[in-house]
Amino acid sequence: MRNPKILLVVAVLLGVLPAILRSLNVSPSPFLGISIFALNIGLCLLGATTRYRFWWLGYGVACVLAFVLSGTSSPLSLVAILFTTWKT
């Protein structure tokens, strides 16, 4: 069984990674965005093997919706990007 706490930390890190890369002036690329999105989906599948299956599958659906509707890799990255642009 996977440790849900570690999976949650990885989800948060993957969520703020695009904002960190943006602040480091890393040029955005489709390959980078799709890679982070694929890592999020893989994380959701790993999380679905825990007892929190419902929540991880819900997060996976939210990742797909965030990717389709806004082009971000996860809902957390969408919030992080909106927060950094709102503060400036």
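Residues numbered from 1 in each chain as written. Predicted model: local features only at pLDDT ≥ 70, side-chain atom pairs only at ≥ 80, totals over all residues. Heavy atoms only, no water.

Quick notes on the state of the cysteines
For clarity, the threshold we go by: Disulfides are defined as pairs of cysteine sulfur atoms found within 2.5 Å of each other.
Evaluation of the coordinates by the stated rule reveals 0 disulfides. Considering cysteine sulfurs only, Cys63 is the nearest to Cys44, which forms no disulfide, with 4.5 Å between them.

Topic: helix 2 (residues 30-47)
Note that an α-helix has 3.6 residues per turn; residues three or four places apart therefore point the same way. Counted only if it meets this: Strands are runs of DSSP state E lasting at least two residues, helices are runs of H or I lasting at least four, and both sets are numbered from the N terminus onward. To estimate the expected span of a helix, count its residues, drop one, and scale the result by 1.5 Å. A simple rule labels every residue: compare its accessible area, found with a 1.4 Å probe on the protein chains alone, to the largest value its type can have, and call it buried under 20%, exposed over 50%, or partly exposed in between. The arc in question is the one traced by the directions running from the helix axis out to the C-beta atoms. In what follows, a contact means two residues having at least one pair of non-hydrogen atoms within 4.5 Å.
With 18 residues, helix 2 should cover 26 Å at 1.5 Å per step; its first-to-last C-alpha distance of 25 Å lies within 8% of that length. Taken as a whole, helix 2 has its buried residues at Ile36, Phe37, Asn40, Leu43, Cys44 and Gly47. Around the axis of helix 2, the buried residues are gathered within 115° of arc, so they sit on the same side. Of the exposed residues in helix 2, the ones pointing more than 90 degrees away from its buried face are Pro30, Phe31, Leu39 and Leu45. In this fold, the buried residues of helix 2 make contact with helix 1 (4-23) and helix 3 (53-70).

So, the packing of helix 2 against helix 3
Rules: Note on geometry: axes are lines fitted to C-alpha atoms, helical ones only across the stretch in contact, with angles between N-to-C directions running from 0 to 180 degrees. Throughout, the term roughly parallel applies to angles under 35 degrees, roughly antiparallel to angles over 145, roughly perpendicular to angles from 65 to 115, and oblique to all others. Take the far helix as your reference; a near helix turned counterclockwise from it by less than a right angle gives a left-handed crossing, and one turned clockwise gives a right-handed crossing. Side-chain classes follow a simple rule in which Ala, Val, Leu, Ile, Met, Phe, Trp, Tyr, Cys and Pro form the nonpolar group, Asp, Glu, Lys and Arg form the charged group, and the remainder, Gly included, forms the polar group.
Across the interface, helix 2 lies against helix 3 with an axial gap of 8 Å and an inter-helix angle of 160°. By the angle between their directions, the pair helix 2 and helix 3 is classed as roughly antiparallel. Like other packed secondary-structure pairs, helix 2 and helix 3 cross with a definite hand, here left-handed. Here Ile34, Phe37, Asn40, Ile41, Leu43, Cys44 and Gly47 of helix 2 lie close against helix 3, whose contacting residues are Arg53, Trp56, Tyr59, Gly60, Cys63, Val64 and Phe67. Classifying every residue of the contact of helix 2 with helix 3 gives 10 nonpolar, 3 polar and 1 charged.

What about a nonpolar patch on the surface?
Just so we agree on the cut-off: Each patch is built from salt-bridge-free residues with over 30% relative accessible area, joining like charges within 9 Å and nonpolar side chains (Val, Leu, Ile, Met, Phe, Trp, Tyr) within 5 Å. In short, Shrake-Rupley with a 1.4 Å probe defines the accessible areas, and a residue's cover is counted only from the protein chains shown. Salt bridge criterion: a side-chain nitrogen from Lys or Arg within 4 Å of a carboxyl oxygen from Asp or Glu.
Where nonpolar side chains cluster on the molecular surface, the patch consists of Val61, Val64, Leu65, Val68 and Leu69 and spans about 500 Å² of accessible area. Relative to the elements of secondary structure, Leu69 occurs in helix 3.

Comments concerning the nonpolar core
To keep things clear, this is the line we draw: Throughout this description, the term nonpolar core refers to a set of buried Ala, Val, Leu, Ile, Met, Phe, Trp, Tyr and Cys residues connected via side-chain atoms within 4.5 Å.
By size, the foremost hydrophobic cluster in this structure holds 11 residues: Leu7, Ala11, Leu14, Leu21, Ile36, Phe37, Leu43, Cys44, Trp56, Tyr59 and Cys63. Within the residue set of this core, elements represented by two or more residues are helix 1, helix 2 and helix 3. Leaving out residues up to four positions away in the same chain, Ala11 has contacts with Leu43, Trp56, Tyr59 and Leu76.

Details of the side chain of Ser77
The criterion, for reference: Polar contacts here mean pairs of N or O atoms no more than 3.5 Å apart (in protein, one a potential hydrogen donor and the other a potential acceptor; neighbouring residues in sequence count only if both atoms are side-chain atoms).
With respect to the helices and strands, Ser77 occurs in helix 4 (residues 75-87). Residue Ser77 is classed as buried on the basis of its relative accessible area, which comes to 1%. At 3.5 Å, the side chain of Ser77 forms a polar contact with the side chain of Ser73. Those residues within four positions of Ser77 in sequence are excluded, and the remaining contacts are Gly15, Pro18 and Thr72.

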